[in-house]
Amino acid sequence: MDWQRARTARLVSPQGNLALIETRWGADDPEAALAGQRDTVTATRLRRTDPLTGEIERGVRLWDADSAAIRAFQDVDRFAYDPRWVLEAAYTEVPGARKVPFEHIKDNGGTRELAVPGDIALTLDGRDYTLLAFDDGGTLLLVFADSTTADGTYAPGRFLSVPRTPGASTVTLDFNRAYVPPCGFSAHFNCPMPPPQNRLALPVEAGEKLPVFSAGFSIY
């Protein structure tokens, strides 16, 4: 499918998920960070709000267009497309700037407040869920786990982008486009983990499972 080919192209691009080789917090000079690096390496600035102090923290990321992960990458294992996993869900916007704590893999149990502009309600296998998806540049990003998590699909969970139209009362969840988060391709990403509300008590056998690398390679 076109989106799968585009996804793979992004993963192996010079600043795709597989290219990230280092994140340096406290640095703010990309040129200095490039000193001594190979000519395939580029640098970008990033910033975040410190979860403890609330202050803006700056950093630099290093990307290698010829990283070991890119060279070892073979494919992303996926479930076969299944139209039954294209679901319409009710969406209720929540007025105001609601923020919900999300735990992140590298934060040792700490949480970060992310803006969640609405609730996604649907019923799966006779059970009602109200899912929380945070705002990701105007698109909703759903971080979820299910009974395949860590048992055939990426642990601790997967991502799903959910387009939304302002004022609309429904959204479409196409789980065939569920994907492995960036931290599944580089240990230098810090990904949010599924909150309790987003843990589904059934197998979501759709979307990406795991990245496939050549024998013996590990991102860690």
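Residues numbered from 1 in each chain as written. Predicted model: local features only at pLDDT ≥ 70, side-chain atom pairs only at ≥ 80, totals over all residues. Heavy atoms only, no water.

1. Some remarks on the pairing of strand 11 (residues 158-162)
For strand 11, a buried count of 4 out of 5 residues is recorded, marking the element as mostly surrounded by other parts of the structure. In this structure, strand 10 (residues 139-144) lies alongside strand 11, joined through 5 bridges in antiparallel fashion. Bridge pairing in strand 11 links Leu142 to Leu160. (Buried < 20%, exposed > 50% of the residue type's maximum accessible area, 1.4 Å probe, protein only. Helix = DSSP H or I, 4+ residues; strand = E, 2+ residues; numbered from the N terminus. Pairing = 2+ DSSP bridges.)

2. Regarding helix 1 (residues 2-11)
Restricting attention to buried positions, one finds in helix 1 the residues Trp3, Gln4, Arg7 and Leu11. Mapping the buried residues of helix 1 onto a view down its axis gives an arc of 100°, with all of them on the same face. Looking at helix 1, the residues exposed on the side facing more than 90 degrees away from the buried face are Asp2 and Arg5. Against the buried residues of helix 1 lie strand 4 (73-78) and strand 13 (208-213). (Arc of directions from axis to C-beta. Contact = heavy atoms within 4.5 Å.)

3. Examining the side chain of Asn198
Relative to the elements of secondary structure, Asn198 occurs in the loop between strand 12 (170-174) and strand 13. Residue class for Asn198 comes out buried when judged on its relative accessible area of 0%. Excluding its chain neighbours within four sequence positions, the residues that come into contact with Asn198 are Leu131, Leu132, Leu142, Val143, Phe144 and Ala145.

By themselves these figures say nothing about function.
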